[in-house]
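Below are the chains, spelled out letter by letter.
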Amino acid sequence: MEIDTYNDFQRDLQELNSFQHFMNFKRIAQIAARPIPSYSVRKFKGGGRRFNPLQDLEENEFRHSYRYSKENMRRLIEMVRDDLEVETHSELRKNQVPVDKQIMLAVRYWGMTEHPDVTARLHGVSLRTLMKISKRVAEALAAKTSRYIRMPCLLAEKEKVTQAFYRLAHMPQVIGAVAHSRVKCKRLQHQDGDCKEDDSMHIQIVSDASLKIRDIDCRLVTLQDPVTAADLFSQTRIKERFEQTEFRGRILLGDSTLHCTSFLYTPVSCAISGPEQSFNHSLRLTYEPVRQCFKLWKERFGILSCELRGSVATARHIIVGSALLHNMAIEWNDPTFAEFQNSLLGLDKSVIEDLQKSTDIRGRTEFIKNHFFVPVN
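Residues numbered from 1 in each chain as written. Predicted model: local features only at pLDDT ≥ 70, side-chain atom pairs only at ≥ 80, totals over all residues. Heavy atoms only, no water.

### Digging into the packing of helix 8 (residues 127-142) against helix 14 (residues 312-331)
To be explicit about the condition: Every axis corresponds to a line fitted to the C-alpha atoms, with the helix fit spanning only the stretch in contact, and the corresponding angles, defined between N-to-C directions, vary from 0 to 180 degrees. Numbering goes from the N terminus for both helices and strands, where a helix is a DSSP run of H or I of at least four residues and a strand is a run of E of at least two. Under this scheme an angle from 65 to 115 degrees is roughly perpendicular, one under 35 degrees roughly parallel, and one over 145 degrees roughly antiparallel; angles in between are oblique. The handedness criterion is simple: a crossing whose near helix is rotated anticlockwise from the far helix by less than a right angle is left-handed, and one whose near helix is rotated clockwise is right-handed. Here, two residues are considered to be in contact whenever any of their heavy atoms come within 4.5 Å of each other. Classification convention: Asp, Glu, Lys, Arg as charged; Ala, Val, Leu, Ile, Met, Phe, Trp, Tyr, Cys, Pro as nonpolar; all other residues, Gly among them, as polar.
In contact at an axis separation of 8 Å, helix 8 and helix 14 are set at 60° when each is read in the N-to-C sense. Taken together, the axis directions place helix 8 and helix 14 in an arrangement best described as oblique. Between helix 8 and helix 14 the crossing geometry is left-handed. Between helix 8 and helix 14, the contacting residues are Ser134, Lys135, Ala138, Glu139, Leu141 and Ala142 on the first element and Thr314, His317, Ile318, Val320, Gly321, Leu324, Leu325 and Met328 on the second. Within the contact of helix 8 with helix 14, the residues separate by chemical class into eight nonpolar, four polar and two charged.

### Details of helix 6 (residues 99-111)
Condition: Helix span, expected: 1.5 Å multiplied by one less than the number of residues in the helix. Exposure categories follow from relative accessible area, calculated using a 1.4 Å probe and restricted to protein chains: below 20% of the type maximum is buried, above 50% is exposed, and the middle band is partly exposed.
With 13 residues, helix 6 extends 19 Å between its outermost C-alpha atoms, agreeing within 8% with the 18 Å of an ideal straight helix rising 1.5 Å per residue. In terms of residue burial, helix 6 counts as a mostly covered element, since 13 of its 13 residues are buried.

### Some details on the environment of Thr129
With respect to the secondary-structure elements, Thr129 resides in helix 8. Here the alpha-carbon distance between Thr129 and Val97, two residues 32 residues apart in the chain, equals 9.5 Å.

### Things to note about the side chain of His123
Quick reminder of the rule: Polar contacts, as used here, are pairs of N or O atoms within 3.5 Å; protein pairs need one atom able to donate a hydrogen and one able to accept it. Residues neighboring in sequence count only if both atoms are side-chain atoms.
Tracing the backbone shows His123 in the loop between helix 7 (116-122) and helix 8. On the accessibility criterion, His123 (4% relative accessible area) is buried. A polar side-chain atom of His123 sits 2.9 Å from the main-chain carbonyl oxygen of Thr119.

### A look at the packing of aromatic side chains
Put simply, the rule reads: Think of it this way: a Phe, Tyr or Trp ring, Trp meaning its six-membered ring, pairs with another when their centres are within 6.5 Å, and the plane angle makes it stacked under 30 degrees, edge-to-face over 60, tilted otherwise. Here, a charge over a ring means that NZ of Lys or CZ of Arg falls within 6 Å of the ring centre while also lying within 35 degrees of the ring normal.
This structure, assessed with the given rule, holds five aromatic pairs. Ring geometry for Tyr68 against Trp332: centres 6.2 Å apart, planes inclined by 50°, an arrangement best described as tilted. Highlighted residues: Tyr68 in the loop between helix 3 (59-66) and helix 4 (70-80) and Trp332 in the loop between helix 14 and helix 15 (335-343), separated in sequence by 264 residues. Tyr68 sits in the buried class, given a relative accessible area of 0%. By relative accessible area, which is 11% here, Trp332 ends up buried. Here a set of aromatic residues connected by ring pairs shows up, and it is made of Phe242, Phe247 and Phe263. Lying over the aromatic face of Tyr68, Arg300 brings its terminal NZ or CZ to 5.8 Å of the ring centre.

### Focus on the pattern of salt bridges
Put simply, the test is: Salt bridges are defined as contacts in which a side-chain nitrogen from Lys or Arg sits within 4 Å of a carboxyl oxygen from Asp or Glu.
If you walk through the whole model with that rule in mind, you get 16 salt bridges. Here Glu339 ties to Arg63 by a salt bridge, and the two come within 3.2 Å at their closest N and O atoms. One end of the pair, Glu339, is in helix 15; the other, Arg63, is in helix 3, with 276 residues separating them in the sequence. A salt bridge links Glu307 to Arg309, with the nearest nitrogen and oxygen atoms 3.8 Å apart. With a relative accessible area of 27%, Glu307 lands in the partly exposed category. Linked through salt bridges whose partners overlap, the residues forming this network are Arg150, Glu157, Asp208 and Arg214.

### Some points on the environment of Thr113
For Thr113, the position within the fold is in the loop between helix 6 and helix 7. Distance in space between the C-alpha atoms of Thr113 and Ile303 is 9.6 Å, their sequence separation being 190 residues. Sequence-distant contacts of Thr113, defined by excluding residues within four places in its chain, comprise His64, Ser65, Arg67 and Arg108. Within the local environment of Thr113, its side chain forms a polar contact with the side chain of Glu114, the two groups lying 3.1 Å apart.

### Quick look at the confidence of the model for the protein chain
Here is the rule we go by: One confidence number per residue, pLDDT, is output by the predictor and ranges from 0 to 100.
Taken as a whole, the protein chain shows an average pLDDT of 80; of its residues, 71% reach a score of 70 or greater. Counted against residues more than four places away or in other chains, residues 34-48, with its pLDDT under 50, gives 29 contacts. In this model residues 346-359 is a low-confidence stretch, pLDDT under 50, and it forms 36 contacts with partners more than four residues away in sequence or in other chains.

### Re the packing of helix 3 against helix 6
Packed helices, taken two at a time, are described by the angle their axes make and the gap between the axes. The interhelical angle for the contact between helix 3 and helix 6, taken along N-to-C directions, is 70°, at an axis separation of 8 Å. What the angle tells us is that helix 3 and helix 6 run roughly perpendicular. Across the interface between the two elements, Phe62, Ser65 and Tyr66 of helix 3 pack against Met104, Val107 and Arg108 of helix 6. For the contact of helix 3 with helix 6, the per-class residue count stands at four nonpolar, one polar and one charged.

This is how it looks when you write it as structure tokens:
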């Protein structure tokens, strides 16, 4: 009897939640169905007040659509406001979208909570204007890369990062983990107006144990010139910094798509001995944060799972801009970050595939001997 009552209660809750979602969708659909107005300094024609997400949406609905709490969105707006130029010409200024609306519009578009055309109409602009605003906001955010995306510099900061990795699976000296992904890119050709569909942006990130992106590299790759992740890593600035012993005594972790070097350790192929198996197990657990970082980043900003349109520079700015927003959410303890993180709970238990053999295993062998070999009495 009690079980039946509990089941009935659960069904009633589900029906209530479904009804609330329906009412929210209906209200947003009514707003999106309005004709596209031109922004004026005060009001729309006819006296209607323009849509203001900070005022018109509830906190939970705002977090879902704009990937930030209202408090942190205001903080973001104030941080970027001065970097967004506003046209001073009277005719252009008359239809200028307010800076705060531009920032929220771009962030919502990158989140891909609905079709871009719906996002544009909801904010009273055309799809073309949405793309222009997205480009401008991405450029403004990308200009702050050195402040929010950087490797640890001070000794205390380096120790803090390595200790956070060590607590995961007792892997010492790790200062970051390297992972790769690709985003489709469609570029407009100036000659005939056609779009090339065989391009993609190769993204490489270095993450710490707190899922913060510490380094990012974006490069255009084509099907006509296929390259591997190892080839692209060899061209990156982070590789040069480690070769120049900027992070002396610290190491990076990578998967089997990369080559093992003196500063980049990858899984041991065909691990037989106990220490090698222990090393692989510890590496897999310590490497997990960068996998989760990529998943969470793409979950928060769905545009990374879609096809980026525009120039290579615009695509790169959007990728870097969304990475900055990801790091800001961590630094500001934004509640939406924890909400998305909870939705992705659970470690990836897939077995690491051995795609290629290592090229420099001497340092790794000595590392295993020193840290994973258990002496027999």
